[in-house]
Amino acid sequence: MANRLTPSTITLLTLPPLLWAGNAVVGRLVHELVPPMTLNFLRWVLAFVLLLPLAAAVLKKNSPLWPHWRRYALLGLLGVGCYNALQYLALQTSTPINVTLVGSSMPVWMLTVGALFFGVPVARRQLLGALLSILGVLLVLSRGEWAQLMAFKLVPGDLFMLLASIAWAFYSWLLVRTREPAEVRGDWAQFLMAQMVFGLAWSGLFAGGEWALTAAHIQWGPALLAALAFIALGPALLAYRCWGAGVQRAGPAMAGFFINLTPLFAAVMSTLFLGDHPQWFHALAFALIVAGIVVSAQR
């Protein structure tokens, strides 16, 4: 597994955070129009339709996908079924800036999951970078008042985003631990479709439970349709394509630090579209996060 950061690899790993920041802002904008699990399901239904012309072959009975269906069912659960559903759920009670900053704990989970479940050692520079990221997350969770940490309680949105981050860490490590045939892995559209076909089943199950157990409703209109088009094309298809390629090049541990760029993009977009002006502690938290990326990238 290569760990060098070339310009093209940096581009591949920077574009997803930009799109995922947009995903968080859009998710917040439409949180009163559609319930979170249903939003995630509709997003992937549309993405499935858009990708189908490029990857229909993977669904055939003789496709090399099916002997490895258990692996793709797990990838679909973590990356398609859980991660964004939990993020949309978090956005019901939290802002895009806070959600993306809490998601900046990703390097910690990347390193922890890699060490505990995949036998990958952790370097000192990675520990230092992760520590800086943790400090940034604690700063935003405490709202800039460190004394509050003594009596701190996670709000529902923060907890859901932490769970989403752990799910994404497992997903990213599983991306590089593979034995499937090159026919599937070598074609990005088929590889994503293989995950999506199972992820749709998981997200549909979660959405069904949401409608059965809550007073779910949808307010259809131009705003919701535009939001669905964006999150299906950008944060789903394009971002997942770039993330998969970037993780293959740089490795999950290094790639995890790039997710911490998401709060910067979310802060800019929230200011433009939601009027959620960043506070001083958001700026300091982001500085700590960037420092974590720089330290971890040192060789």
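Reading the values: the criteria
- Residues numbered from 1 in each chain as written.
- Predicted model: local features only at pLDDT ≥ 70, side-chain atom pairs only at ≥ 80, totals over all residues.
- Heavy atoms only, no water.
- UniProt positions renumbered as here; feature names shortened; annotations may be inferred.
- 1 Å grid on protein atoms, 1.4 Å probe; cavity = no way out; pocket = protein on both sides within 12 Å on 5 of 7 lines; lining within 4 Å.
- Points joined across faces, edges and corners; volume = space filled by probe spheres on them.
- Helix = DSSP H or I, 4+ residues; strand = E, 2+ residues; numbered from the N terminus.
- Nonpolar A, V, L, I, M, F, W, Y, C, P; charged D, E, K, R; others polar.
- Core = buried A, V, L, I, M, F, W, Y, C linked by side-chain atoms within 4.5 Å.
- Buried < 20%, exposed > 50% of the residue type's maximum accessible area, 1.4 Å probe, protein only.
- Contact = heavy atoms within 4.5 Å.
- Patch = residues over 30% accessible without salt bridge, like charges linked within 9 Å, V, L, I, M, F, W, Y side chains within 5 Å.
- Areas by Shrake-Rupley, 256 points an atom, 1.4 Å probe, with all protein chains shown as cover.
- Salt bridge = Lys/Arg side-chain N within 4 Å of Asp/Glu carboxyl O.

Per an unreviewed UniProt entry, the protein chain carries the name DMT family transporter and comes from Curvibacter microcysteis. Recorded under Sequence similarities (unreviewed entry), the UniProt text for the protein chain is reproduced unchanged: "Belongs to the EamA transporter family." UniProt lists a comment for the protein chain under the heading Subcellular location (unreviewed entry), and it reads "Membrane".

Draft legend 1. Fine view of empty space enclosed by the protein. Going through the model one piece at a time under the given rule, you end up with 1 cavity of 30 Å³ or more. In this structure, the largest cavity spans a volume of roughly 50 Å³. Every residue lining the largest cavity is listed: Trp-20, Tyr-83, Gln-87, Val-99, Thr-100, Gly-103, Met-161, Ile-259 and Thr-262. Of all the secondary-structure elements, those providing two or more residues to the lining of the largest cavity are α3 (69–90) and α4 (96–102). Its residues assigned to classes, the lining of the largest cavity comprises 5 nonpolar, 4 polar and no charged.

Draft legend 2. Focus on the nonpolar core. Of all hydrophobic cores here, the largest spans 80 residues; its most connected members are Trp-168 and Trp-243. With 12 residues, the single largest contributor to this core is helix α10 (residues 222–250). In contact with Trp-243, other than residues within four places in its own chain, are Leu-12, Leu-13, Pro-16, Trp-20, Met-110, Trp-168, Tyr-171, Ser-172, Leu-175, Ala-255, Gly-256 and Ile-259. Of all hydrophobic cores here, the second largest spans 7 residues; its members include Ile-97, Leu-101, Phe-281 and Ile-289.

Draft legend 3. Inspection of a nonpolar patch on the surface at higher detail. There is a patch of nonpolar side chains on the surface, built from Leu-29, Leu-264, Val-268, Leu-272 and Phe-273 and spanning about 500 Å² of accessible area. Considering every element that reaches the nonpolar patch, the biggest residue donor is helix α12 (residues 262–273), with 4 residues. The exposure class assigned to Leu-29 is partly exposed, which follows from its relative accessible area of 46%.

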